[in-house]
Amino acid sequence: MKRSRSLVGFAVVVSSVVLIGAGVVANRTIGQLSKTGAAVLRAKEIELDYERLLSTLRDAETGQRGYLLTFDEAYLEPYQAALRELEQRMKAVADDAQGGGSMVDDLAALRELVDKRMKVLADTVELKRAEKHLAAIDVVRSGEGKRLMDEIRGLVGKQVHAQQSRVAHLQDVQRKALVTSVRTSLIVSLLAITLVLLLVYIVRRDSRRVRDSENRLAITLRSIGDAVIATDNHGVVTMMNPIAENLTGWANKDAVGKPLDEVFHIVNEDTRVPVESPVTKVLREGGIVGLANHTVLIRRDQAETAIEDSGAPILDDAGNMTGVVLVFRDATQERAAQKALQDADRRKDEFLATLAHELRNPLAPIRQAAGTAAHAAATPEQVRWSLGVIQRQVAHMARLLDDLLDVSRITRGRLEVRKARVPLKTVVDAAVEIAQPAVHSGKHQFTVELPTEQLELDVDSLRLAQVLGNLLTNAAKYTPTGGVIQLKAGRAGEGMAIRVIDNGIGLEATDLPRIFDMFTQVSPSADRPNSGLGIGLALSKALVELHGGSIEAKSAGPGQGSEFIVRLPLAGMPN
Ligand code: ADP
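The following paragraphs examine the structure supplied in this document. This structure is a prediction, so every number in the text was calculated from the model and none was measured. (Residues numbered from 1 in each chain as written. Predicted model: local features only at pLDDT ≥ 70, side-chain atom pairs only at ≥ 80, totals over all residues. Heavy atoms only, no water.)

1. Some words on the overall build of the protein
Scanning the protein from terminus to terminus reveals 15 helices and 14 strands. Rg of the C-alpha trace for the protein: 65 Å, well past the compact-globule value of 25 Å for 575 residues, more than 25% over. If one aligns the C-alpha atoms of the protein with their principal axes, the spans along those axes are about 210 × 60 × 40 Å. Expressed as a percentage of its 575 residues, the buried residues of the protein come to 35%. Contacts in the protein between residues at least 24 apart in sequence constitute 66% of all its contacts with a sequence separation of at least 6. With an accessible surface of roughly 33200 Å², the protein has 56% of that area assigned to carbon and sulfur atoms. On the protein, the mean spot of the 72 positive side-chain charges and the mean spot of the 72 negative ones are 4 Å from each other. (Helix = DSSP H or I, 4+ residues; strand = E, 2+ residues; numbered from the N terminus. Rg over C-alpha atoms; globule rule 2.2 N^0.38 Å. Buried < 20%, exposed > 50% of the residue type's maximum accessible area, 1.4 Å probe, protein only. Contact = heavy atoms within 4.5 Å. Areas by Shrake-Rupley, 256 points an atom, 1.4 Å probe, with all protein chains shown as cover. Lys, Arg positive; Asp, Glu negative; His and termini not counted. Charge placed at Lys NZ, Arg CZ, Asp CG, Glu CD.)

Structure below.
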């Protein structure tokens, strides 16, 4: 661009010099032409004045001869007219001489000759009038008049010739001036054509460069992973990239020329109040602005996308704002992740509160039992009872602390399983033993259905018993007294499925996917006891997955019982 600017500058200087030169030449030529034109006219007039003088003298001669021959006064008329005109003719000639148009010396001689000639004519006319006919003829015959007339003709001819050569010279000058002007206009035309060609070349080259750089910019904008909308300094859209087209639902060609607010419609996620567009803010404040949190973009088809965006002024070289560029992106995933984090945080807080409560609960009976046992008057029966209470409560606390340790291992990715080949029945028996107290206190009817074939598993039997024991304890806990609890195990496809089924309080469909999350408890209600820490199922899920299996919950709804299915790979067929 710089090079083309210096080229244009050079062309401008050269053409200015040439044009000024051509102007001076044209001015001089025009002056010359008009001057020589006037001079030619003047020379022609002078020539005419002499011709007229000669013609007047001829008229006088003609009149005199006619009178001499006819003696008729009427023939004197041209003579009389010539007498009347003569002074005027002589004056014209004299004026020409005084104006420098003809020779002054010749003028005196001419005057003398004309006077003499007129005298000769007047004499002959007077002689004729006096009827001295022969004397008049003698004067004519003397040849004096003819001689005078010849001399006059010679002088007039000299003047006419001088004027004619002057005219020829002037015409030569005119011709040369014309040639110069033709050459000058030719040079100017050539220069103009060269300039036009140069301009066409520069414009084409520069517009190609501008197009190239526009293309590069468009490709860059298209390649940006974020949505980009540019506006002019009135907030009217000038361009949007494909991602912006996608998020706004507007095609670039439809959006260009529209006010941004029409294309980019944003509201607050919670209040639904329209949010001021960052472009308006940039236009007002002049700096870079970020978007308020929780902004939702309403697409042209009314679909909504959580977005994050920012606006920045577009400044020209002089620092003046020529528009605004708005950059935004789909923040749905971040927003969801943020929400999940907040939820997890909230659940953790709830868990801590529950934990404190759960750890505190056994302390009261322990303190009371210890007090009773330590009493001096305590009977052996009371001491035994007290020890039993303390043992049970301590065991409960130990279980809580074990679960807590497991949770911490899961969150740190340190939970390990020690697998060994064990019969299915061994694991189930251990689980039943764990759940026995809960099943017993709920007075439930409990059945176990195992396949007749001896199935073996490659598992950490203690951990798997912990999982099944937890499912059975939950079944006993979330089933009203006297319920029915079943454990059914059998082949399922390539692996095996162990199902724990109860006819208890059941679960809402919306709770099914989240009960396996850490610290999740379904909100307590009239029929739902609020016990436990909300970590049992999360722990079970992690353990099952460590065994390469999966866990699933099913329920037809509240009051319709629940079913928990643990799927595990089989160790192999029994021999
Ligand atoms: P908790 O220690 O609270 O029992 P869990 O992780 O074991 O924690 O269970 C999570 C939630 O799932 C419980 O709070 C309970 O509401 C629900 N739940 C678990 N098992 C059952 C079941 N068999 N029937 C109905 N609800 C259940």
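2. Points about the pattern of salt bridges
For the coordinates displayed, the defined rule picks out 42 salt bridges. The partner of Glu61 in a salt bridge is Arg117, with the nearest N and O atoms 2.5 Å apart. Note that Glu61 is positioned in helix 1 (residues 2-70) and Arg117 in helix 3 (residues 104-129), a separation of 56 residues in sequence. Arg117 sits in the buried class, given a relative accessible area of 4%. Residues joined by salt bridges that share partners form a network here, namely Arg42, Glu45 and Asp96. (Salt bridge = Lys/Arg side-chain N within 4 Å of Asp/Glu carboxyl O.)

3. Some details on helix 2 (residues 77-98)
Here helix 2 is 22 residues long and its end C-alpha atoms lie 32 Å apart, about the 32 Å a rise of 1.5 Å per residue gives. Buried within helix 2 we find Tyr79, Ala82, Leu86, Arg89, Met90, Val93, Asp96 and Ala97. Count one or two residues on from helix 2 and you reach Gly100, which has phi positive near 85 degrees. (Expected span 1.5 Å × (residues − 1).)

4. Some thoughts on the sheet that holds strand 9 (residues 445-449)
Strand order across the open sheet formed by 5 strands is 9-11-12-14-13, with mixed pairing between neighbours. At either margin of the open sheet sits one strand with a lone partner, and together these are strand 9 and strand 13 (550-554). Mean inter-strand twist for the sheet, computed between neighbouring axes without regard to direction, equals 15 degrees. Sheet topology note: the strand 11 (residues 484-492)/strand 12 (residues 495-502) ladder contains 8 bridges and is antiparallel. Residue Ile485 lies in a different strand from strand 12, and its bridge partner there is Asp502. (Pairing = 2+ DSSP bridges. Axes fitted to C-alpha atoms, helices over the stretch in contact; angles between N-to-C directions.)

5. Some points on the packing of helix 12 (residues 380-412) against helix 15 (residues 536-546)
Relative to each other, helix 12 and helix 15 sit at 55 degrees, their axes nearing to 10 Å. The angle between helix 12 and helix 15 places the two elements in the oblique class. Relative to helix 15, helix 12 is oriented so that their crossing is left-handed. Residues Asp403, Asp406, Val407 and Ile410 of helix 12 touch helix 15, and the partners they reach there are Ala538, Leu539 and Ala542. (Parallel < 35°, antiparallel > 145°, perpendicular 65-115°, else oblique. Left-handed = near helix turned anticlockwise from the far one by under 90°.)

6. Re the environment of Ala109
Mapped onto the fold, Ala109 is located in helix 3. The spacing of Ala109 and Glu456 is 347 residues in sequence and 161 Å in space, taken between C-alpha atoms.

7. Some words on the side chain of Arg347
When you line up the elements, Arg347 lands in helix 10 (residues 332-360). Buried charge Arg347 goes without a salt bridge, the closest partner of opposite sign being Asp517 at 4.4 Å.

8. With respect to the packing of aromatic side chains
Taken as a whole, this structure holds 3 aromatic pairs when the rule is applied. Ring centres of Phe264 and Phe328 lie 4.9 Å apart, and the angle between their planes is 55 degrees; this geometry places the pair in the tilted category. Of the two residues, Phe264 sits in the loop between helix 8 (260-263) and strand 3 (265-268) while Phe328 sits in strand 7 (residues 321-330), which places them 64 residues apart along the sequence. Across this residue pair, the class does not change: Phe264 and Phe328 are buried. In this arrangement the basic side chain of Arg300 is found over the ring face of Trp250, its NZ or CZ atom lying 3.7 Å from the centre. (Phe/Tyr/Trp six-rings, centres within 6.5 Å; stacked < 30°, edge-to-face > 60°. Lys NZ or Arg CZ within 6 Å of the ring centre and 35° of its normal.)

9. Quick notes on the packing of helix 13 (residues 424-441) against helix 14 (residues 461-477)
The geometry of helix 13 relative to helix 14 is characterised by a closest axis approach of 7 Å and an angle of 35 degrees between their N-to-C directions. For the pair helix 13 and helix 14, the sense of crossing is right-handed. Across the interface between the two elements, Val427, Val428, Ala430, Ala431, Val432, Ile434, Ala435, Ala438 and Val439 of helix 13 pack against Ser461, Leu464, Ala465, Gln466, Leu468, Gly469, Leu472, Thr473 and Ala476 of helix 14. Broken down by class, the residue content of the contact of helix 13 with helix 14 amounts to 14 nonpolar, 4 polar and no charged. (Nonpolar A, V, L, I, M, F, W, Y, C, P; charged D, E, K, R; others polar.)

10. Description of unusual backbone geometry
Despite not being glycine, Phe71 has its phi angle at roughly 60 degrees, a positive value. Here Phe71 shows up in the loop between helix 1 and helix 2. The class for Phe71 is partly exposed, based on a relative accessible area of 40%. Unlike most non-glycine residues, Lys443 shows phi in positive territory, near 50 degrees. Looking at Lys443, the relative accessible area reads 63%, which means it is exposed.

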